[in-house]
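# Commentary on secondary and tertiary structure
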Amino acid sequence: MSNGYERFESLAPGDGNARWNQSFYYQFYDPKTRIGALIRVGLLENLRETNSWFVFFKDGLPIYNRVNMNLPYTFDRPANGLKVAGMYIHAVEPLKKTRILFSDVDFSVDLCWDERNPMANAIAMDSGKETFSSEMAHVHLEGTSNITGHIVHRGQRTEINGTGFRDIGVGPRNWDALKHYRLAWPVFEDGTALAGVRAISVNGDNSYMRMYHDGKKWLRVTNIDEKQTYAEDTFSIATAHWKWTDENNKTYEMTCKPLLRWFFSLDTFIMCEQIMEYRTTDGRVGYGLYENGYRLPWTGIDV
């Protein structure tokens, strides 16, 4: 059941909020080629701004980086074909298949995100009383994909066969309302996946987006406990341990190790994006995004 969420691949008009946002995020990691990518477009209707990330990595290091934070606004969306900073993003089949094209002198891509676990609204899925901040989104669709196609880097073509999450966010996006958040999005090789986010407001309130796909369907997550240790650069994560319980009262645990890292600046906020290798205590292996956000100046937090 999509609940009509396909409409969010098209223009979602704002409600008058000055920071009304519509965003599209695509990631992947291919363990065979050790290539990964972070691709995002944010569209701020009332600020008349567009921002975009397009960063590719191999062996843990960047090989192409194009980041633009204050581009002119566009009314186009993936449903009708979105052109931003050299990218062409087309929702060939809304929520199920997206193709991304890019061509530059030394780098080009032709990649497709095909549905693996269907997109669901992680805000609506959360079963707790601590619902996610309405200052960050009203709808947040998350799902996993199989990513195939190829990249060409300095004349060398590489075929891609990876996995990753993608998301669509709709609603206000006020980063300054958060003091900190942390996210784990592992896609496991057996078809399971976790979408876990914990956010802490400037007032110290906790909120969550959390759901677990058991290989058959998305389940509500009733509890998450996460611990992480920081690297010497202050913002990236050296190790992490997550434990979560689903609506069937099954509990799972995982640890992760970093494969790559990148920072994105959002004026008064900074985000550390990492791709991790995840391992559960029952032997499953997966790969995916691990993300931390920090309100500046960052003075630390006891969580």
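First things first, this report covers the structure right here in the doc. Quantities reported herein were computed from a predicted structural model and do not represent experimental measurements.

What counts and how
- Residues numbered from 1 in each chain as written.
- Predicted model: local features only at pLDDT ≥ 70, side-chain atom pairs only at ≥ 80, totals over all residues.
- Heavy atoms only, no water.
- Pairing = 2+ DSSP bridges.
- Helix = DSSP H or I, 4+ residues; strand = E, 2+ residues; numbered from the N terminus.
- Axes fitted to C-alpha atoms, helices over the stretch in contact; angles between N-to-C directions.
- Phe/Tyr/Trp six-rings, centres within 6.5 Å; stacked < 30°, edge-to-face > 60°.
- Buried < 20%, exposed > 50% of the residue type's maximum accessible area, 1.4 Å probe, protein only.
- 1 Å grid on protein atoms, 1.4 Å probe; cavity = no way out; pocket = protein on both sides within 12 Å on 5 of 7 lines; lining within 4 Å.
- Points joined across faces, edges and corners; volume = space filled by probe spheres on them.

## Digging into the sheet that holds strand E18 (residues 285-295)
On the basis of which strands lie adjacent, the closed barrel formed by eight strands has the order E11-E12-E13-E14-E15-E16-E17-E18 and antiparallel pairing. Averaged over all pairs of adjacent strands, the angle between strand axes in this sheet comes to 25 degrees, irrespective of strand direction. Where strand E11 (residues 178-188) lies against strand E12 (residues 193-201), seven bridges are found, and the strand directions are antiparallel. Across the sheet, residue His180 finds its bridge partner in E12, namely Ile200.

## Some remarks on the packing of aromatic side chains
The tally for this structure, following the rule as stated, stands at 29 aromatic pairs. Consider the rings of Phe54 and Tyr64, whose centres lie 6.0 Å apart with planes at 80 degrees: the pair is edge-to-face. With Phe54 in strand E3 (residues 49-58) and Tyr64 in strand E4 (residues 61-72), this pair connects stretches of sequence that are ten residues apart. Across the pair, Tyr64 and Phe54 agree in class, each one buried.

## Examining the sheet that holds strand E1 (residues 20-30)
With antiparallel pairing, ten strands are arranged side by side in an open sheet as E4-E3-E2-E1-E10-E9-E8-E7-E6-E5. Each edge of the open sheet is held by one strand with a lone partner, namely E4 and strand E5 (82-84). Here the average twist between neighbouring strands, direction ignored, is 15 degrees. Pairing between E1 and strand E10 (residues 156-172): eight bridges, direction antiparallel. Bridge assignment links Ser23 to a residue of E10, and that residue is Gly169.

## Looking at empty space enclosed by the protein
Summed over all chains, the structure comprises two cavities of 30 Å³ or more. Within this model, the largest cavity holds a volume of roughly 240 Å³. Every residue lining the largest cavity is counted, 19 residues in all, and those nearest its centre are His140, Arg173, Trp175, Tyr181 and Glu291. It is E11 that provides the largest number of residues to the lining of the largest cavity, a total of four residues.

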